[in-house]
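Residue-level structural notes
For reference, the chains in residue letters:
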Amino acid sequence: MNAVTATSAHKQPDSEQDYITNTASDHPTSGGSTPTAHYYNGSTYFTYLGGCDDYFDPFAMSYDHATGTVNGPVHIGDNPLADVEDGHSVPAIIVDDDGYIHVIYGGHGHYRGRQTHAVSRTPEDISSWEILDNIDPETTYPSFIKKRDGTLYLFYRAGNHRDDWVYVTSTDNGRTFSDPTAFASAGNRRHGLYGHDVSYEDSWYLSFYKGRNGSIHVTGLYHACHDSYSYPLENMPEPRHGYNRFGTYYLRMNPDETWENAAGESIDVPFDKTLADEKLRLYDTGPDYVLAAPWMGYHDVGGSNSNTAHGVYDTPHLVFPTRNGMSGGFTFARWGGDSWEIHEEGTPWGPMFMKSPQDIRIYQSDRVAWGGPVNDSEPDSGEYRSTDGGETWERVGDVQNDQLHQQTVAYNYHNDAKVMALNYSDDRAKNAQRIYLYGDSGFVRPDENPTCPE
């Protein structure tokens, strides 16, 4: 049994401390493993790779919205990749319909590590965990979606770069899972990339979003996986393996597990790059590499405590980097009924929430990533609003912290804790980084800093 530390927190900024904990590692979460937080039955549960004396091991915390109590952090288990500090091992979290909390962490495909499935021993209680040996251990990037009927979908890359993307399902709250179904084909060998004499194989980076109508939305980037893991074009920064990623793609799974593109055309899966370029690609970057996955717009209406709450807007709205990673610019795209409407000027970047296409907000904090600092001509940090479907943006407010990284939207979020984020600083120890939760009332602010797990 793990001891659980509890402290109180405020929905309003009554405390000088704006972070919810400073017990994180320097790579606590990523957009590749999602969700990192889940609002369920009055509490937001969240997970991250912790610091303290358990550096790079998965931690869990919770925030009770009614009482303002912050519980944890709790040490979930040992990360098989902690010794090598492999960020592919970051955790994903979901709460099943019986209230049990599931966290998956620790794997980097066939390369190293072991994907591990931990489950809370008691519903709605982070204090004690058990390991279930019921998932493929040689996978990467686990992502959970819970459907209206409680069925759990677990998406992941079935190995490493040149392996397919698949999903499995569970109808017994994660105690057993189906056989995998492939939906994105990788490993197909090709030659010639933007006129260069080079061979490579297909690979994908994909992200998953719950829709409000029982659908699952998927966005992605194409990865030209070169034999030497280096970028095949000239004048690219090091390490080059991180930069051979191109294009922006979109498709969705319907409630009956059929697939279609934004136009409603049926898509046979597993799709390959040829089909994806023809039917799924909404933006062709050409040789200008991309890094971060798109943000999709969340339909910011209704309550939080149901499987139908707070999914992405049914008509896809996306914002994504389009020119040289995150240093060259950002683009907004929305499906206009017959084609994609693309807006490239003055687009902000960050979590996106929308009441309607005439009321879209983006919360832009820091935009520094592998590609370096952003272009000076791009919008500065702040809250931005569009009233014309993303064509133009107006800065309508400040953000309370302009140095937030690795932001992820909480699953079925409560309005007071929509986003989980990291604030990294070289001035702090790498095992004492800060995690934030924020929403419509600002940051969740504990009266005291939660202590390290005992």
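Refer to the preceding data block for the structure.
All of the points below concern the structure found in this document. (Residues numbered from 1 in each chain as written. Predicted model: local features only at pLDDT ≥ 70, side-chain atom pairs only at ≥ 80, totals over all residues. Heavy atoms only, no water.)

Within the sequence span of helix α1 (residues 273-280), burial applies to Lys273, Ala276 and Leu280. Considered in projection along α1, the buried side chains sweep an arc of 75° and stay on one side of the axis. Here the buried face of α1 lies against β15 (189-193), β16 (196-210), β17 (216-226), β18 (245-253) and β20 (281-283). You can read the cap of α1 off the contacts: a side-chain oxygen lies 3.3 Å from the backbone nitrogen of Thr274, and it is on Asp272. (Buried < 20%, exposed > 50% of the residue type's maximum accessible area, 1.4 Å probe, protein only. Helix = DSSP H or I, 4+ residues; strand = E, 2+ residues; numbered from the N terminus. Arc of directions from axis to C-beta. Contact = heavy atoms within 4.5 Å. Polar contact = N/O pair within 3.5 Å; in protein donor to acceptor, adjacent residues only side chain to side chain.)

Using the criterion set out here, one finds 21 salt bridges in the structure. Among the salt bridges present, the one from Arg385 reaches Asp359, with a minimum N-O distance of 3.2 Å. With a gap of 26 residues between them, Arg385 in strand β27 (residues 382-386) and Asp359 in strand β26 (residues 359-364) connect regions that are remote in the sequence. Judged by relative accessible area, Asp359 falls into the buried class, the value being 16%. (Salt bridge = Lys/Arg side-chain N within 4 Å of Asp/Glu carboxyl O.)

With that settled, consider the packing of aromatic side chains. The final tally for this structure, using the stated rule, is 31 aromatic pairs. Ring geometry for Tyr19 and Tyr436: centres 6.2 Å apart, planes at 70°, overall edge-to-face. In this pair, Tyr19 is assigned in the loop between β1 (6-10) and β2 (21-24) and Tyr436 in strand β31 (residues 433-439), connecting sequence segments 417 residues apart. In this pair, the class of Tyr19 matches that of Tyr436, namely buried. Relative to Phe271, the ring of Trp204 lies with its centre 5.4 Å away and its plane at 75°, an arrangement referred to as edge-to-face. Taken together, the positions of Trp204 in strand β16 and Phe271 in the loop between β19 (259-260) and α1 put the pair 67 residues apart, joining distant regions of the chain. For Trp204, a relative accessible area of 1% corresponds to the buried category. Clustering of aromatic rings is evident, with ring pairs tying together Tyr141, Tyr153, Phe155, Trp165, Tyr167, Phe183, Tyr205, Phe208 and Trp259. (Phe/Tyr/Trp six-rings, centres within 6.5 Å; stacked < 30°, edge-to-face > 60°.)

Bringing the side chain of Thr347 into the picture now. Along the chain, the position of Thr347 falls in the loop between β24 (340-343) and β25 (352-356). We classify Thr347 as buried; its relative accessible area is 0%. In this structure the side chain of Thr347 is engaged in a polar contact, spanning 3.3 Å, whose partner is the backbone oxygen of His343.

Moving on: the nonpolar core. With 53 residues, the main nonpolar core has Ile20, Phe46, Tyr48, Leu282 and Trp340 as its most contacted residues. Once residues within four sequence positions are removed from consideration, Phe46 is found in contact with Ile20, Thr36, Ala37, Phe59, Ala60, Met61, Ser62, Ile93, Met420, Ile435 and Leu437. Residues Ile135, Tyr167, Tyr200 and Tyr222 belong to the second largest nonpolar core, which totals 41 residues. (Core = buried A, V, L, I, M, F, W, Y, C linked by side-chain atoms within 4.5 Å.)

The strands that make up a sheet pair up through hydrogen bonds in the backbone, lying either parallel or antiparallel. Reading across the sheet, the eight strands line up as β24-β23-β22-β21-β25-β26-β27-β28 and stay open at both edges, with mixed pairing between neighbours. Only two strands of the sheet have a single neighbouring strand rather than two, namely β24 and β28 (394-397). With direction set aside, neighbouring strand axes in the sheet form an average angle of 30°. When β25 meets β26, the two strands line up antiparallel, connected through four bridges. The residue of β26 that forms the bridge with Met352 is Ile362. (Pairing = 2+ DSSP bridges. Axes fitted to C-alpha atoms, helices over the stretch in contact; angles between N-to-C directions.)

Turning our attention to the environment of Tyr100. Checked against the element boundaries, Tyr100 lands in the loop between β7 (92-95) and β8 (101-108). In sequence terms Tyr100 and Arg121 are 21 residues apart; their C-alpha atoms lie 7.4 Å from each other.

Our next topic: the side chain of Glu383. With respect to the helices and strands, Glu383 occurs in strand β27. We classify Glu383 as buried; its relative accessible area is 16%. Only 2.7 Å separates the side chain of Glu383 from the side chain of Arg361, close enough to count as a polar contact. Aside from chain neighbours lying at most four places away, what touches Glu383 is Arg361, Ile362, Tyr363, Glu394, Arg395, Val396, Gly397, Asp398 and Val399.

This part covers the pairing of strand β21 (residues 295-299). Burial runs high along β21: five of the five residues are buried. Pairing of β21 with strand β22 (residues 317-321) involves two bridges; the strand directions are antiparallel. Across the sheet, residue Trp295 finds its bridge partner in β22, namely Val319.

Moving on to the state of the cysteines. Tallied over the full model, the rule gives one disulfide. The disulfide bridge from Cys52 ends at Cys452, spanning 2.0 Å between sulfur atoms. Judged by the sign of its S-S torsion, about -80°, the bond between Cys52 and Cys452 is left-handed. With a gap of 400 residues between them, Cys52 in the loop between β4 (43-49) and β5 (58-64) and Cys452 in the segment after β33 (445-446) connect regions that are remote in the sequence. Cys452 sits in the partly exposed class, given a relative accessible area of 36%. (Disulfide = S-S within 2.5 Å.)

Another aspect to go through is the sheet that holds strand β13 (residues 165-170). If you walk across this open sheet you meet the four strands as β11-β12-β13-β14, and the pairing is antiparallel. In this open sheet, the two edge strands, each paired with only one partner strand, are β11 (140-146) and β14 (181-184). Strand-to-strand twist in this sheet, taken as the mean axis angle between neighbours without regard to direction, amounts to 25°. Summarising the sheet, strand β12 (residues 152-157) and β13 pair through six bridges and their orientation is antiparallel. Bridge assignment links Leu154 to a residue of β13, and that residue is Val168.

Take it as geometry only, folks, not as evidence of what the structure does.
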